[in-house]
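Notes for the structure review
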Amino acid sequence: MDVPLYDGLGGQVALVTGATRGIGEQIATELADTGATVYAGARDPTDITATNQRAIELDVTEESEITAAVDRIDTEAGQLDILVNNAGVMDSRDSLDEMPTDSIERTLTTNLHGPITLTKYALPLLLDRSGSRVVNVSSGLGQITDAQSGDMPAYRISKTGLNGLTKYLHGEYHDNGLLANSVCPGYVQTDMTSGTAPRTPQEGAETPAWLARFKPAAPGGRFWRDKRPIDW
Ligand code: NAP
């Protein structure tokens, strides 16, 4: 799809959650290589080894770490152009009637409550500069175009909710210059999928990193896979 893109991200600041490994690590790498100042979110900042990124302590389930991270970016950089809500966990493969309650809670807290809370605190910085982007790393498992069934119910519902956050941000803040999009990276070989998936993390990061390069006239409020809109 032909979309206006920044060729380089020099002078722009990005925050990527869950940047220690898998798809998030690759998104952070791509954004840094494209010239952005990248804050690489990690529960343990020593897990960030890239020398051209700024490791930042950020467990998305801890409100105090969220506010401290946003405060640090404000103090050090004074701007935030790109927020990538990537951090996520996969729950057990049980159906809902068999799933432990704490597994439901952990999945929704990490995959849904975390991005909502982080975005809430990041919004003042994001809205300071017209054309800021929020990229929500969702999943086709959250699509509700057809009936939902099978395993990982909390994961599926968390991603449906994350897509709801994208639609809300678009509806409420697009007129203020915010571009919010959801993306499914495809089925990617990471710790989450135990190496059985066909795509590399680099391939999985391609469309999220592309969305992070959207210029203000590019579309928002959509769900993407392989650089094309897909159904919600
Ligand atoms: P992964 O390799 O398991 O990496 C997950 C990342 O999330 C790690 O950096 C992990 O940090 C971080 N994380 C987990 N809980 C966190 C928390 N409470 N606070 C902050 N960070 C936390 O998974 P992945 O496959 O790269 O997945 C990345 C995103 O893509 C997820 O949102 C996932 O749902 C989505 N996705 C993946 C696939 C796929 O096929 N892999 C498909 C569709 C969507 P630690 O190192 O500290 O644990």
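The structure under discussion appears in the preceding block.
As a starting point, this report considers the structure included with it. (Residues numbered from 1 in each chain as written. Predicted model: local features only at pLDDT ≥ 70, side-chain atom pairs only at ≥ 80, totals over all residues. Heavy atoms only, no water.)

Notes on the site of the ligand
In the vicinity of the ligand there are 29 residues, among which Thr20, Arg43, Asn86, Tyr155 and Thr190 approach most closely. Within the backbone of Gly18, one N or O atom sits 3.1 Å away from an oxygen atom of the ligand. Note that an oxygen atom of the ligand is positioned 3.4 Å from one of the backbone N or O atoms of Gly88. Protein chains shield 94% of the accessible area of the ligand, which is 900 Å² for the free molecule. When atom positions are compared with the pocket grids, the ligand is found to occupy the largest pocket. When residues of the shell around the ligand are traced back to their parent elements, those giving at least two are α1 (22–33) and α4 (153–173). Per-class residue counts for the shell around the ligand are 12 nonpolar, 12 polar and 5 charged. (Near = heavy atom within 4 Å. Polar contact = N/O pair within 3.5 Å; in protein donor to acceptor, adjacent residues only side chain to side chain. Areas by Shrake-Rupley, 256 points an atom, 1.4 Å probe, with all protein chains shown as cover. 1 Å grid on protein atoms, 1.4 Å probe; cavity = no way out; pocket = protein on both sides within 12 Å on 5 of 7 lines; lining within 4 Å. Sits in = over half its atoms within 2 Å of the grid points. Helix = DSSP H or I, 4+ residues; strand = E, 2+ residues; numbered from the N terminus. Nonpolar A, V, L, I, M, F, W, Y, C, P; charged D, E, K, R; others polar.)

Thoughts on the side chain of Asp81
Note that Asp81 resides in the loop between α2 (63–76) and β4 (82–85). A polar side-chain atom of Asp81 sits 2.7 Å from the main-chain amide nitrogen of Val13.

Brief notes about the layout of surface pockets
Taken as a whole, the largest pocket spans an internal volume of roughly 900 Å³. As for the largest pocket, its lining consists of 41 residues, and the residues nearest its centre are Asn86, Ala87, Gly88, Val89 and Met192. Taken together, the elements giving at least two residues each to the lining of the largest pocket come down to α1, β2 (37–42), α3 (101–128) and α4. The biggest single contributor to the lining of the largest pocket is α1, with 3 residues. (Points joined across faces, edges and corners; volume = space filled by probe spheres on them.)

Points about unusual backbone geometry
A positive phi angle, near 55°, is found at Met152, a position not held by glycine. Considering the arrangement of structural elements, one finds Met152 in the loop between β5 (133–137) and α4. Positive phi, close to 50°, is recorded for Asp226, a residue that is not glycine. With respect to the helices and strands, Asp226 occurs in the loop between β7 (223–225) and β8 (228–230). Here Asp226 falls in the partly exposed class, since its relative accessible area comes to 40%. (Buried < 20%, exposed > 50% of the residue type's maximum accessible area, 1.4 Å probe, protein only.)

Considerations on the nonpolar core
Within soluble globular proteins, side chains that are nonpolar generally end up buried alongside one another. In this structure, Val16, Ile27, Leu31, Val38, Val84 and Phe214 are the most contacted members of the largest nonpolar core, which totals 30 residues. With residues near it in sequence (within four places) discarded, Phe214 still touches Val3, Pro4, Leu5, Tyr6, Arg133, Leu179, Asn181, Pro219 and Trp224. Judged by nonpolar contacts, the second largest core, of 25 residues, contains Val60, Leu80, Leu165 and Tyr173. (Core = buried A, V, L, I, M, F, W, Y, C linked by side-chain atoms within 4.5 Å. Contact = heavy atoms within 4.5 Å.)

Thoughts on the packing of α3 against α4
Two elements in contact, α3 and α4, have axes whose closest approach is 8 Å; the angle formed by their N-to-C orientations is 15°. Here α3 lies roughly parallel to α4, going by the angle between them. α4 is crossed by α3, and the crossing has right-handed handedness. Judged by residue contacts, Ile104, Thr107, Leu108, Asn111, Leu112, Pro115, Ile116, Thr119, Leu123 and Leu127 of α3 engage Ala154, Tyr155, Ser158, Lys159, Gly161, Leu162, Leu165, Leu169 and Tyr173 from α4. (Axes fitted to C-alpha atoms, helices over the stretch in contact; angles between N-to-C directions. Parallel < 35°, antiparallel > 145°, perpendicular 65-115°, else oblique. Left-handed = near helix turned anticlockwise from the far one by under 90°.)

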